[in-house]
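Observations on the three-dimensional arrangement
The chain contents come next:
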Amino acid sequence: MSVEQVSVALTKEQAYALVDAVSERDDLATTVSCHENEETGEWIFEAGCEDTPNLEAFNEIAQQVLGGAVTFTVEEIDPSINWVAKSLEGLAPVIAGGFYVYGSHSTDPVPEGLIAMQIDAAQAFGTGHHETTTGCLEAIDMILGTKNPQNMIDVGTGTGVLAIALAKKLNRKVFSTDIDPIAVTTTLENAALNDCAELIECIEATGLDHEEITSRAPYDLVVANILAGPLTELAPGVGAVTQEGGNAILSGILNTQAQGVIDAYLAADFKLVEHLKRKDWTTLILEKN
């Protein structure tokens, strides 16, 4: 099977807008992302496509979203290489919220007093290096400074880094979910790698209507590091499964999207406790009224 990558250099705002628009289509690409070229300052939009990409559709979306035509580049890439893992090789360990997140390539000693988690790059989101993940780790530390949650759920767990952080910090079971079966497998593997397999349960589930989720409610801590759109849609569901006085930690939100997410959760009977900003990204701490 051939894999071809569609790319174009844009401004940051354009790249994010194009990623959002293409992500809404499930027939165009298997992966969609953007990143900054630190040498030029340009932002590179990239979409991985199985077989021949539908450039006509890409151009139509670019015209609608960006208001003009762009010139996409198409190149074949080696499907046998895990490009996510390759791009993250050699990243330095991350310290956030009293946690030390490192990859298997790291040989640095773990600083005293920090909770260590080995999370390698994988086909699931969450190595600890993104501002949304570090924001969530900091938010977890803030909440655990005053509260002692007993019934926790991590929605959209990715690599399981946030669920594992809670489990290791509290030595308590954490329930987690993801829509991607690869993420479920990755989370369970990482839990075993970090000596907390008995504390992490992970299932494949979309949204919050799954019987396993509702039967365990209400939760006193809900963590969801996904995207602003799904978080907004999930607001009524998060409100329904969170107990009074319980907290929600939300991230995956651009600063420009934060108010829309906040408004959705205020309408779901939450109040805003903290609004953390890390570069372009927001993490929210909310409390159920």
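Remember, predicted model here, so these are calculated numbers, not experimental data. (Residues numbered from 1 in each chain as written. Predicted model: local features only at pLDDT ≥ 70, side-chain atom pairs only at ≥ 80, totals over all residues. Heavy atoms only, no water.)

Quick word on unusual backbone geometry
Defined as follows: For the purposes of this entry, the term helix denotes a DSSP run of H or I that reaches at least four residues, the term strand denotes a run of E that reaches at least two, and both are numbered from the N terminus. Burial classes: relative accessible area under 20% of the type maximum marks a residue as buried, over 50% as exposed, and values in between as partly exposed (1.4 Å probe, protein chains only).
Following A217, the chain continues to P218 via a peptide bond in cis, the omega torsion being 5 degrees. Tracing the chain through its elements places P218 in the loop between α7 (211-216) and β11 (219-225). If you check the backbone angles, D51 has positive phi at about 65 degrees while not being a glycine. Here D51 is to be found in the loop between β3 (43-50) and α2 (55-66). Look at D51 and you get partly exposed, because its relative accessible area is 46%. A positive phi angle, close to 75 degrees, is found at D269, a residue other than glycine. Here D269 lies in the loop between α9 (258-267) and β13 (270-278). Accessibility expressed as a relative area gives 38% for D269, which makes it partly exposed.

A closer look at the packing of aromatic side chains
Rules: In summary, the pairing rule links any two rings of Phe, Tyr or Trp, Trp by its six-membered ring, whose centres are within 6.5 Å, and it sorts them by plane angle into stacked for under 30 degrees, edge-to-face for over 60 and tilted for everything else.
Throughout the structure, instances matching the rule amount to seven aromatic pairs. Measuring from ring centre to ring centre gives 6.5 Å for F45 and F58, while their planes differ by 70 degrees; the resulting arrangement is edge-to-face. Linking F45 in strand β3 with F58 in helix α2, this pair joins segments that are 13 residues apart in sequence. The same class applies to F45 and to F58, which are both buried.

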